[in-house]
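Descriptive analysis of the structure
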Amino acid sequence: MLRLEGIDAGYGATTILHGVSLEVRQGEVVTIVGANGAGKTTTLRTIAGLLTPSAGSISFEGQDITRLSAHETVELGITLIPEGRQLFPDMTVEENLRMGAYRRGARGQTEQTLEEVLALFPRLKERLGQQASSMSGGEQQMAAIARGMMARPRLLMFDEPSLGLAPIIVAQVFEVIERIVATGATVLIVEQNVFHTLKAADRGYVLENGEIVIADDAAALLRNDHVRQAYLGI
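Everything in this summary refers to the structure shown in the same document. Counting restarts for each chain, with residues numbered from 1 along the sequence as it is written. Residue-level local features of this predicted model are given only where pLDDT is at least 70; pairs of side-chain atoms are given and counted only at 80 or more, and the full residue set underlies all totals for whole chains, interfaces and linings. To get the side-chain values, all heavy atoms of the structure are used, and hydrogens and water are removed first.

**A look at the sheet that holds strand β3 (residues 29-33)**
Each strand in a sheet pairs with another by means of backbone hydrogen bonds, the pair being arranged parallel or else antiparallel. Pairing between strands requires that DSSP locate at least two bridges from one strand to the other. Secondary structure is summarised from DSSP: a helix means a run of H or I of at least four residues, a strand means a run of E of at least two, and numbering begins at the N terminus for each. Ordered in space as β6-β7-β8-β3-β9-β10, the six strands form an open sheet in which the pairing is mixed. Looking at which strands have only one partner, the edges of the open sheet turn out to be β6 (78-81) and β10 (211-217). Put simply, the sheet's adjacent strands are angled 15 degrees from each other on average, direction ignored. Bridge analysis of strand β9 (residues 203-208) against β10 gives six bridges, and the strand direction is antiparallel. Bridging from a neighbouring strand, leucine 207 pairs with isoleucine 212 of β10. Here, two residues are considered to be in contact whenever any of their heavy atoms come within 4.5 Å of each other. As a rule, the C-alpha atoms of each element are fitted with a line to give its axis, helices using only the stretch in contact, and angles between N-to-C directions run from 0 to 180 degrees. Across the sheet, helix α1 (residues 40-47) touches β3, β6, β7 (155-159), β8 (186-190) and β9, and the angle it forms with β7 is around 150 degrees.

What follows is the structure, given as structure tokens:
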């Protein structure tokens, strides 16, 4: 479904990614593991069209998307749920969710999608008329994920979905992600909680200093000595 080949990308004169190649197949959950500053968010932003790579290529469902803009990648069905939630704070939960259905492929099914999303997030159904900024961090993260689902994405990308949340809320976020995966969604996830994300994933890539250093099945990565020492503290 998604393929990156030899991607170099960064900000201005600073190159963050060096020859990054990875693949996400239809129906898979794939994770990118790495320390702060390794280039994980840069990878997602490049896929989403927020950054243009200086070298390499990106294809999505057989189409070259290397130089497409963010709004063009969204129209193809790629949705990024960004780090820090980035809801519209002064809008209600329902207004935030409906904003997620702006892509052409989702607009005609807004009511049906809203019903499906609220079935996944029953707590949000109770909060529809509530201002987004008045909710807890965990509830805001649920709303951010639900807003992403409203676009009816072909590929759903998560950037640090558990960042800043209490451990009990982290567990709830991953339960939600597992429910989304059970619907047949294809997911690419960046997450510092390596144990949780590898448990949820099919495959993973270890990104260090902007380069992929290990690629393997998630179960194998959980057993890998380097991963255990560097990211699991074992």
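**Some thoughts on helix α8 (residues 167-182)**
Expected helix span is computed as 1.5 Å times (number of residues minus one). Under the 1.5 Å per step criterion, the end-to-end length of α8 is 23 Å for 16 residues, consistent within 8% with the ideal 22 Å. For the exposure calls, accessible area comes from a 1.4 Å probe over protein chains only, and a residue counts as buried if that area is under 20% of its type's maximum, exposed if over 50%, partly exposed in between. Within α8, burial applies to Ile169, Val170, Val173, Phe174, Val176, Ile177 and Ile180. What you see down the axis of α8 is that its buried residues fit within an arc of 155 degrees, all on one side. More than 90 degrees from the buried face of α8, the exposed residues found are Pro167, Ile168 and Ala182. At the exit of α8 stands glycine 184, carrying a positive phi of roughly 95 degrees. Each direction from the helix axis to a C-beta atom contributes to the arc, which is the arc of those directions.

**Thoughts on unusual backbone geometry**
Its identity is not glycine, yet glutamate 160 carries a phi of approximately 50 degrees, on the positive side. Mapped onto the secondary structure, glutamate 160 falls in the loop between β7 and α8. Judged by its relative accessible area of 5%, glutamate 160 is buried. The phi torsion at asparagine 209 lies on the positive side, around 50 degrees, for a residue other than glycine. Within the secondary structure layout, asparagine 209 lies in the loop between β9 and β10. Classification of asparagine 209 as exposed rests on a relative accessible area of 70%.

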